[in-house]
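Below, each chain spelled out in residue letters.
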Amino acid sequence: ALRPWCHFELPQSDYRSRRQADSVLDPKYQIMEFESLGTRIKNTKRFYVLNPTSESYEFLWKLEESEQRKEDDAFRCVTKRGTILSGKKYEMVFE
């Protein structure tokens with residue numbers, strides 16, 4: 001049997017049902033929503049990643065390169081790298 005490498009503990013989102021677009025979002029993608037109370041306000045999103053395996057492993061969040069990438073990115077990863085110990089959770093933080 002195959003075992004997942006990790007579990008992302010994200011809150012449920014109803015974005016798919018609210019979305020008004022011609023194309024359907026692939027169900028394999030999880031949705032994480034940010035709410036903002038205004039401009040120039042720091043918005044932080046935190047969630048945990050669980051390592052269900054018997055081994056520790058390291059992670060590294062990388063920004064995907066894009067031709068449309070702006071100089072001022074909308075999001076910043078605070079937890080860029082780390083090690084998730086076996087059977088433990090690790091908090092991820094994005095702003």
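Residues numbered from 1 in each chain as written. Predicted model: local features only at pLDDT ≥ 70, side-chain atom pairs only at ≥ 80, totals over all residues. Heavy atoms only, no water.

Colleague: Can you walk me through the pattern of salt bridges in this structure?
Modeller: It is possible for side chains bearing opposite charge to pair when their charged atoms get close. The final tally for this structure, using the stated rule, is six salt bridges. Each of the salt bridges in this network shares a partner with another, and the network as a whole consists of Asp14, Arg18 and Glu33. (Salt bridge = Lys/Arg side-chain N within 4 Å of Asp/Glu carboxyl O.)

Colleague: Explain the sheet that holds strand β5 (residues 89–94) to me, please; I cannot follow it from the model alone.
Modeller: As a general point, the strands of a sheet are linked pairwise by backbone hydrogen bonds and lie either parallel or antiparallel. With antiparallel pairing, the three strands of this open sheet are ordered in space as β1-β2-β5. Looking along the sheet, the strands with just one partner apiece sit at the ends: β1 (7–9) and β5. Between one strand axis and the next, the sheet turns through 30° on average, direction left out of account. Relative to β5, strand β2 (residues 45–50) runs antiparallel, the two sharing six bridges. Within β5, the residue paired with tyrosine 48 across the bridge is glutamate 91. (Pairing = 2+ DSSP bridges. Helix = DSSP H or I, 4+ residues; strand = E, 2+ residues; numbered from the N terminus. Axes fitted to C-alpha atoms, helices over the stretch in contact; angles between N-to-C directions.)

Colleague: Looking at this structure, how should I read the confidence of the model for the protein chain?
Modeller: Note: predicted coordinates in regions of low pLDDT should not be interpreted at a detailed level. Mean pLDDT over the protein chain stands at 85; residues scoring 70 or higher make up 88%. Helix α1 (residues 15–18) is the least confidently modelled element of the protein chain, averaging 86 in pLDDT, while strand β4 (residues 81–84) averages 96, the highest of any element. (pLDDT = per-residue confidence, 0-100.)

Colleague: Mind showing me how you'd approach the environment of serine 13 here?
Modeller: Checked against the element boundaries, serine 13 lands in the loop between β1 and α1. Take serine 13: its relative accessible area is 26%, and that puts it in the partly exposed class. Measuring from C-alpha to C-alpha, the distance between serine 13 and glutamate 33 comes to 7.5 Å, with 20 residues separating the pair along the chain. Sequence-distant contacts of serine 13, defined by excluding residues within four places in its chain, comprise Arg18, Ile31 and Glu33. (Buried < 20%, exposed > 50% of the residue type's maximum accessible area, 1.4 Å probe, protein only. Contact = heavy atoms within 4.5 Å.)

Colleague: Sorry if this is basic, but what is going on with the pairing of β2 here?
Modeller: Taken residue by residue, a regular strand's side chains alternate between the two faces of the sheet. Sheet topology places β1 next to β2; three bridges connect them, and they run antiparallel. What sits directly across from phenylalanine 8, in β2, is valine 49.

Colleague: Explain the pairing of β4 to me, please; I cannot follow it from the model alone.
Modeller: By the alternation rule, side chains of β4 split into Gly82 and Ile84, which are all buried, and Arg81 and Thr83, of which none is buried. Note that strand β3 (residues 57–60) and β4 share four bridges and pair antiparallel. Its bridge partner lying in β4, leucine 60 is registered against arginine 81.

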